Amino acid sequence: MTSTRFRPWLLVGAFSLLLFLITAATYSSLGVVIPAMVPELGWSWEHAFLGFTILGVFTGLSSWLPALLIRRIGVRGTILAGVAVMAGGLACLSRVHALPIYFLGTALCGVGFQMAALIPGTHVLSAIFKERALPFGIYFTFGALGGVAGPWMVVSVLSATHDDWRLYWALQAAVVGLVGLACAVAVGGPRWLEQAGAALDRQLDAEARAGKTPGHVYHTDHEWSVRDAVRTPQFYVLLAAYFSHLLAGISAASLTQAHLTQLGVAGAVAAGMLSLEGGMQVVARLGGGAIGDRVDPRWLLVFAQGLLVVGLLALSQATTPLLLTLYAVGVGVGFGLTVLAVSLLLLNYFGRRNNVELFSLTCLVGALSAAGPFIGGAVRDRVGSFTPAFLLFAALTAAVFVAALFMRPPGAPKARG
């Protein structure tokens, strides 16, 4: 009985640690390791950073794969396959000698990230927790912490090994593989998860019909099919919000240092603002997780998108301490809260049974958001400044803010004759 009571929180810990390591080993490590790889391998910076783009594109484009695998081989099999692909990608990076194996490694890391990270994690946690905001908040917070810790992990290993970046990638492959294996063991077989999820669905549907949801937070009283859900405007508002937050976050992470130094901000200050932005993501996800079952996540989404607009506008002209702070808080909190709010709203609006497919469809836009740094660079080449790009991203996010502000829960799908 005790083990049953604590098993959900054991899974929160296992999935959180895996997300932390995968995030730290990929997105927050690659950009820091590249400067050590380029001189040794004799690559151009253009080719080196193309690997970062490939990582993002393959993460987004492969989002359909975890849903397919979960339905066919279960969560345990999907995680095992995902960490094997991820470890293979990291191993490629440790053995790289030419661009093709480098691009293969980043592509495998992108696919492995999607197979082992958000989609399986949210699928399992949504099946075992009635109040999902707190476990989701903890889970996403560890992802943000991985983003903060990754660069420090690179610096620590490279300084201790005389810039042996190959060893760094090999160590990451080993650690991710071991933690992924432990996570898969903790998940167990599919039967108990299916039974727990079905029982929770019945309970939540009954409470929604009786109007007993806490804090007037909307919950659907039936499970939506994927076909019906993707016909609602609410799904596309959530899709657009997920896109806007990735567009803003990826663009800010890749362009801010160059943009702020061009505006005359000291390099150390610019780097400090990036760190502050990462810290704000952590605060936002913890705070959102604490209140997401008492306050309708739609208001969290509206608040997050509004802050993203403010942060991007501030970043476009960030030459004063006030504007720099507004950028770091706005983009950090907005980015951190949006993914939590969208995840909760997909469950609240359309139910859990087909959420893995709906969340996978939502994650597909990650491939499009990877164009943000390219757009910023193209604008910089043509007009001499990144400012118009950030203004464009702010305008797109403002449109999503307005749509979220006026969004209401979807009505029941019409019966088809």
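Above this note sits the structure.
Residues numbered from 1 in each chain as written. Predicted model: local features only at pLDDT ≥ 70, side-chain atom pairs only at ≥ 80, totals over all residues. Heavy atoms only, no water.

A look at the overall build of the protein
Phase 1 of the analysis: In terms of helices and strands, the protein carries 18 helices and 0 strands.
Phase 2 of the analysis: Taking the principal axes of its C-alpha atoms as reference, the protein extends roughly 65 × 45 × 40 Å.
Phase 3 of the analysis: The contacts of the protein with a sequence gap of at least 6 include a subset with a gap of at least 24, amounting to 83%.
Phase 4 of the analysis: Surface summary for the protein: the accessible area is close to 17,000 Å², and the carbon and sulfur share equals 69%.
Phase 5 of the analysis: For the protein, the separation between the mean place of its 25 positive charges and that of its 17 negative charges on side chains is 8 Å. (Helix = DSSP H or I, 4+ residues; strand = E, 2+ residues; numbered from the N terminus. Contact = heavy atoms within 4.5 Å. Areas by Shrake-Rupley, 256 points an atom, 1.4 Å probe, with all protein chains shown as cover. Lys, Arg positive; Asp, Glu negative; His and termini not counted. Charge placed at Lys NZ, Arg CZ, Asp CG, Glu CD.)

Thoughts on the state of the cysteines
Phase 1 of the analysis: One pass over the full model with this rule turns up 0 disulfides.
Phase 2 of the analysis: With no disulfide of its own, Cys 92 lies 8.1 Å from the sulfur of Cys 109, the closest cysteine sulfur.
Phase 3 of the analysis: Judged by relative accessible area, Cys 92 falls into the buried class, the value being 14%.
Phase 4 of the analysis: Judged by its relative accessible area of 3%, Cys 109 falls in the buried class. (Disulfide = S-S within 2.5 Å. Buried < 20%, exposed > 50% of the residue type's maximum accessible area, 1.4 Å probe, protein only.)

Description of the environment of Leu 21
Phase 1 of the analysis: With respect to the helices and strands, Leu 21 occurs in helix α1 (residues 2-25).
Phase 2 of the analysis: For Leu 21, a relative accessible area of 8% corresponds to the buried category.
Phase 3 of the analysis: Distance from Leu 21 to Ile 119, taken between C-alpha atoms, is 16 Å for residues 98 residues apart in sequence.
Phase 4 of the analysis: Those residues within four positions of Leu 21 in sequence are excluded, and the remaining contacts are Val 175, Val 176 and Val 179.

Observations regarding the packing of aromatic side chains
Both the distance between ring centres and the angle between the ring planes are used here to describe each pair of aromatic rings.
Phase 1 of the analysis: Taken as a whole and assessed by the stated rule, the structure comprises 14 aromatic pairs.
Phase 2 of the analysis: Centroid distance Tyr 168 to Trp 169: 5.4 Å. Interplanar angle 65°. Geometry classified as edge-to-face. Each of the two residues, Tyr 168 as well as Trp 169, counts as buried.
Phase 3 of the analysis: Aromatic pair Phe 235 and Tyr 236: ring centres 5.3 Å apart, planes at 85°, arrangement edge-to-face.
Phase 4 of the analysis: Judged by relative accessible area, which is 45%, Tyr 236 ranks as partly exposed.
Phase 5 of the analysis: Feature note: the residues Phe 15, Phe 136, Tyr 139 and Phe 140 constitute an aromatic cluster, connected by ring pairs. (Phe/Tyr/Trp six-rings, centres within 6.5 Å; stacked < 30°, edge-to-face > 60°.)

Quick notes on the pattern of salt bridges
Phase 1 of the analysis: In this structure the tally under the stated criterion is 3 salt bridges.
Phase 2 of the analysis: Here Arg 166 and Glu 40 are joined by a salt bridge, their closest N and O atoms 3.8 Å apart. Pair noted here: Arg 166 is in helix α8 (residues 165-187) and Glu 40 is in helix α2 (residues 27-41), with a separation of 126 residues, a long-range link.
Phase 3 of the analysis: Of the charged contacts, one joins Glu 131 and Arg 294 as a salt bridge, the two residues approaching to 3.3 Å between their closest N and O atoms. Of the two residues, Glu 131 is situated in the loop between α6 (118-128) and α7 (133-160) and Arg 294 in the loop between α12 (267-291) and α13 (297-316); the sequence distance between them amounts to 163 residues. (Salt bridge = Lys/Arg side-chain N within 4 Å of Asp/Glu carboxyl O.)

Some words on unusual backbone geometry
Phase 1 of the analysis: Here His 162, not a glycine, exhibits a phi torsion of approximately 55°, which is positive.
Phase 2 of the analysis: Along the chain, His 162 turns up in the loop between α7 and α8.
Phase 3 of the analysis: Since its relative accessible area comes to 75%, His 162 is described here as exposed.
Phase 4 of the analysis: A positive phi is found at Asp 163, a non-glycine position, where the angle reads about 60°.
Phase 5 of the analysis: Summarising the element assignment, Asp 163 is placed in the loop between α7 and α8.

Overview of the packing of α2 against helix α3 (residues 45-61)
Phase 1 of the analysis: Closest axis-to-axis distance for the α2/α3 pair is 10 Å, and the angle between their directions is 160°. Taken together, the axes of α2 and α3 lie roughly antiparallel to each other. Note that α2 runs across α3; the crossing there is right-handed. Contacts from Tyr 27, Leu 30, Gly 31, Ile 34, Pro 35 and Val 38 of α2 reach α3 at Trp 45, Ala 48, Phe 49, Gly 51, Phe 52, Leu 55, Gly 56 and Thr 59.
Phase 2 of the analysis: Residues of the contact of α2 with α3, tallied by class, amount to 10 nonpolar, 4 polar and no charged. (Axes fitted to C-alpha atoms, helices over the stretch in contact; angles between N-to-C directions. Parallel < 35°, antiparallel > 145°, perpendicular 65-115°, else oblique. Left-handed = near helix turned anticlockwise from the far one by under 90°. Nonpolar A, V, L, I, M, F, W, Y, C, P; charged D, E, K, R; others polar.)

Observations concerning the side chain of Thr 232
Phase 1 of the analysis: Mapped onto the secondary structure, Thr 232 falls in the loop between α10 (226-229) and α11 (233-262).
Phase 2 of the analysis: Of the residues examined, Thr 232 reaches a relative accessible area of 9% and is grouped as buried.
Phase 3 of the analysis: A polar contact is formed between the side chain of Thr 232 and the backbone oxygen of Ala 229, at a distance of 2.7 Å.
Phase 4 of the analysis: Of note is the side chain of Thr 232, whose polar atom sits 3.3 Å from the backbone nitrogen of Phe 235.
Phase 5 of the analysis: Apart from the residues within four sequence positions on either side, Thr 232 is in contact with Trp 224, Phe 350 and Pro 410. (Polar contact = N/O pair within 3.5 Å; in protein donor to acceptor, adjacent residues only side chain to side chain.)

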